[in-house]
Amino acid sequence: MTYTWRGAFTDAEVEALHAEGFGHSPTGSAWWARVNRHSLGWVCARAEGRLVGFVNVAWDGASHAFVLDTVVSSAGRRRGLGTGLVAAAVEGARAGGCEWLHVDFEDHLSGFYLESCGFTPTGAGLIKL
């Protein structure tokens, strides 16, 4: 398994992985343009050259970064791949000069983010638009 900060990928690779992980049909999103325009970085996880994991690290341009779109292929789940992705994202955000890395998640993922990845629970708010 290799983890690459700001690694190369094709839109089709991330779109297929995202569609599988989040249970939707591929939408044809321009991932490469999006992360290059809005993100501090991203992590690509590859096994034998195949993209099996991805996480996006958006930021405010200063000290706060945000984990988004963490996704692992179904074949790669429950093997530490997601934890490795987030660990690489933490290192990338730290190297980028960020002081804080935020994440929000659904309740069923609290064990992953809080226990496996080391995030601390905080209060937060959300408005569905």
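The rules behind each value
Residues numbered from 1 in each chain as written. Predicted model: local features only at pLDDT ≥ 70, side-chain atom pairs only at ≥ 80, totals over all residues. Heavy atoms only, no water. Salt bridge = Lys/Arg side-chain N within 4 Å of Asp/Glu carboxyl O. Helix = DSSP H or I, 4+ residues; strand = E, 2+ residues; numbered from the N terminus. Buried < 20%, exposed > 50% of the residue type's maximum accessible area, 1.4 Å probe, protein only. Expected span 1.5 Å × (residues − 1). Contact = heavy atoms within 4.5 Å. Phe/Tyr/Trp six-rings, centres within 6.5 Å; stacked < 30°, edge-to-face > 60°. Lys NZ or Arg CZ within 6 Å of the ring centre and 35° of its normal.

Draft legend 1. The pattern of salt bridges, seen in detail. For the structure on display, the rule yields two salt bridges. With its nearest N and O atoms 2.8 Å apart, the salt bridge here joins Glu-13 to Arg-46. With Glu-13 in helix α1 (residues 11-22) and Arg-46 in strand β2 (residues 39-47), this pair connects stretches of sequence that are 33 residues apart. A relative accessible area of 18% means that Arg-46 is categorised as buried. The partner of Glu-91 in a salt bridge is Arg-94, with the nearest N and O atoms 2.5 Å apart. Taken together, the residues span about one helical turn, with Glu-91 and Arg-94 both in helix α3 (residues 81-95) at a distance of three residues. Arg-94 sits in the exposed class, given a relative accessible area of 52%.

Draft legend 2. Inspection of unusual backbone geometry at higher detail. Positive phi, close to 60°, is recorded for Asp-69, a residue that is not glycine. Even without glycine at this site, Arg-78 takes up a positive phi of about 65°. In this fold, Arg-78 is placed in the loop between β4 (64-72) and α3. The class for Arg-78 is exposed, based on a relative accessible area of 87%.

Draft legend 3. Structural detail: α3. Across its 15 residues, α3 extends 21 Å between first and last C-alpha, which sits within 8% of the 21 Å expected from 1.5 Å per residue. Along α3, the residues classified as buried are Leu-81, Gly-82, Gly-84, Leu-85, Val-86, Ala-89, Gly-92 and Ala-93. Against the buried residues of α3 lie β1 (2-5), β2, β3 (50-59), β4, β5 (100-103) and α4 (110-116). Just past α3, the residue Gly-97 takes up positive phi, approximately 90°.

Draft legend 4. Geometry of the packing of aromatic side chains. Using the criterion set out here, one finds eight aromatic pairs in the structure. Considering the side-chain rings of Phe-9 and Trp-32, the 5.0 Å spacing of their centres and the 70° angle between planes classify their relative orientation as edge-to-face. A residue pair is termed long-range when its members are at least 10 positions apart, and Phe-9 in the loop between β1 and α1 and Trp-32 in helix α2 (residues 31-38) qualify at 23 residues. Assessed through its relative accessible area of 8%, Phe-9 is described here as buried. The interplanar angle of 75° and the centroid separation of 5.5 Å between the aromatic rings of Trp-32 and Trp-42 together place this pair among those described as edge-to-face. On the criterion of sequence distance, the pair formed by Trp-32 in helix α2 and Trp-42 in strand β2 is long-range, its members being ten residues apart. By relative accessible area, which is 36% here, Trp-32 ends up partly exposed. Through a chain of ring-to-ring contacts, the aromatic side chains of Phe-9, Trp-31, Trp-32, Trp-42 and Phe-54 assemble into a single cluster. The ring of Trp-31 is capped by Arg-34, whose NZ or CZ atom sits 4.5 Å from the centre of that ring.

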